[in-house]
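Inside the fold
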Amino acid sequence: MSIRKKIIISNLLMMLVPLILLLSMGMLWLQTAGQKYWKPIEEMYEDKNGVISAQNLIYAYQEELWDTNWSELESLDDEAADTGELTQTPEMVRLRKDLTDLGYHFTVLLNDETLYSNASESEWMQVEKLIGPIPEQAKSVTVGNKDVSVIKCSFYEDGEECSIIAVSNETRNVLGSQSYLQKYVVPYVWIFGVCAVLIVVLVNEMQRQLKRSKEEQMKYEAYRKGLISSISHDLRTPLTTIKGYVGGILDGIADTDEKKKKYLLAVQTRTKDLENLVNQLSSYNKMENHTFNYQKEQTDLKEFVREYLEDNEAFISEHGLDILLSAEDDIKLVMDRGAFKRILDNLLTNSIRYREKERSRIEIRIQKKEGRIIWSVADDGPGVEENCLEKIFESFCRLDAARSHCSEGSGLGLAIVKRIVIDHQGMIYARDDAGLEICMEFPES
């Protein structure tokens, strides 16, 4: 199991274990001592005829009762008034719907003057049979039996009285088999608990992201410092050489035409090294920032390598390379030919730079395996230690212990190769087997 997966599982356990323990303790409390307290609360709030629910709704909407422009009801025609249509604020529409769902109709009075009513005459007759006319002096009334329930609530503002009288002749349990507590309180407790858990998870995730961002920032700073140091080193070496040869010419050390030519050729070589380093840096920067434009086309990989070896025959012969190509036919890959030439350029240059013999044997293999295209380039050089195989693809890598001439290169060759492979949806890795083998795998086109 990878370290990343272990960290993820560890974080999940840190969140889940306390939550499970908390829920277990809560359930245990409810099943034991909690029964002594929870059951009486449920019984206290048991609301078989919806009276408590209706009272709560009325009190919750008292502000809307004042804000509603009841005078607009006078403009309603008779048909609208007969149907009890309520065309006021959305809050009042919701109040009517909520009370209707509980089996209640209601009347609104301002200073004992009826402003609105959707209660029928038969309902009022049942109320009068129960308690007679509701006395004006009674500011609040709650009364009922198995057939009818009546609620009157009065509110006061600036010397005015607004009253609402709700009437229900429903005999059914308007809340079904649930108590008021179960229907209106418990769901919000659950919602609150879920929100609390989500907040804890979110906070943990934010902390994890902040930690990761800080680690990435520190890693980037270390990388940036190393990058600047490596660039400075790679620029200083050829510049020092150029300075030395130019000084030798100016000081008269190169006192013959032959020496002058030798010095100038050395300056030219180092100038080319500087140009190559700048080009490598430019290409690597564009690839890392995804601004490098690839010109991809479907290409036969075997024919591409064969053409490359033919075009570079003089270079291969001059540097003592014995190259063996072993490739299956008809292996096609959508690729940028120029970028893949750079892959071969960099790999062959590395083999030449780090070898310890006058000649190098290089084997290039191309094959298909389990739906993947595998392209490998292996040399017979000194190789790389096992624990350093992943590091060789890092920019400005220096592995002097494994390949003693690393300081001669820019340290960007294999980093660029890796970037090109990744940009072609491939993967790259290295193996040490009597030399260094670079393996690249791509999905079939």
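This report concerns the structure included in the present document. (Residues numbered from 1 in each chain as written. Predicted model: local features only at pLDDT ≥ 70, side-chain atom pairs only at ≥ 80, totals over all residues. Heavy atoms only, no water.)

1. Side note on the sheet that holds strand β12 (residues 436–443)
- Judged by pairing direction, the sheet is mixed, and its 5 strands sit side by side in the order β7-β9-β10-β12-β11 without closing on themselves. Lying at the two open borders of the sheet, with one neighbouring strand each, are β7 (321–327) and β11 (427–432). Direction aside, the axes of adjacent strands within the sheet are offset by 15 degrees on average.
- Bridge count for strand β9 (residues 360–369) against strand β10 (residues 372–379) is 8 bridges, and the pairing is antiparallel. Considered in β10, the bridge of Ile-366 is made with Trp-375.
- Here helix α10 (residues 301–311) sits on the sheet in contact with β7, β9 and β10, set at roughly 165 degrees to β7. (Pairing = 2+ DSSP bridges. Helix = DSSP H or I, 4+ residues; strand = E, 2+ residues; numbered from the N terminus. Axes fitted to C-alpha atoms, helices over the stretch in contact; angles between N-to-C directions. Contact = heavy atoms within 4.5 Å.)

2. Description of a negative patch on the surface
- A contiguous patch of negative charge, built from Glu-63, Glu-157, Asp-158 and Glu-160, is present on the exposed surface.
- Looking at where Glu-160 falls in the secondary structure, it is placed in strand β5 (residues 160–168). (Patch = residues over 30% accessible without salt bridge, like charges linked within 9 Å, V, L, I, M, F, W, Y side chains within 5 Å. Areas by Shrake-Rupley, 256 points an atom, 1.4 Å probe, with all protein chains shown as cover. Salt bridge = Lys/Arg side-chain N within 4 Å of Asp/Glu carboxyl O. Lys, Arg positive; Asp, Glu negative; His and termini not counted. Charge placed at Lys NZ, Arg CZ, Asp CG, Glu CD.)

3. So, the environment of Ala-430
- For Ala-430, the location among the structural elements is in strand β11.
- Spatially, the C-alpha atoms of Ala-430 and Leu-389 are 5.8 Å apart, while their sequence positions differ by 41 residues.
- Those residues in contact with Ala-430, other than ones at most four positions away along the chain, are Leu-389, Ile-392, Phe-393, Leu-436, Glu-437 and Ile-438.

4. Quick word on empty space enclosed by the protein
- Per the stated rule, a full pass over the model turns up 1 cavity of 30 Å³ or more.
- Roughly 80 Å³ of internal volume is contained in the largest cavity.
- Within the residue set of the lining of the largest cavity, elements represented by two or more residues are α12 (337–354), β10 and β12.
- Of the residues that constitute the lining of the largest cavity, the class distribution is 6 nonpolar, 2 polar and 2 charged. (1 Å grid on protein atoms, 1.4 Å probe; cavity = no way out; pocket = protein on both sides within 12 Å on 5 of 7 lines; lining within 4 Å. Points joined across faces, edges and corners; volume = space filled by probe spheres on them. Nonpolar A, V, L, I, M, F, W, Y, C, P; charged D, E, K, R; others polar.)

5. Details of the pairing of strand β1 (residues 105–110)
- Taken together, the 6 bridges between β1 and β5 define a ladder with antiparallel strand orientation. Looking at β5, one finds that Leu-109 is bridged to Ser-163.
- In terms of strand pairing, β1 meets strand β2 (residues 113–117) through 4 bridges, oriented antiparallel. Residue pairing for β2: Leu-110 is matched across the bridge by Glu-113.
- Turn length for the β1-β2 hairpin, with the two strands adjacent in sequence and antiparallel, is 2 residues, and the turn residue Asn-111 shows positive phi of about 55 degrees.

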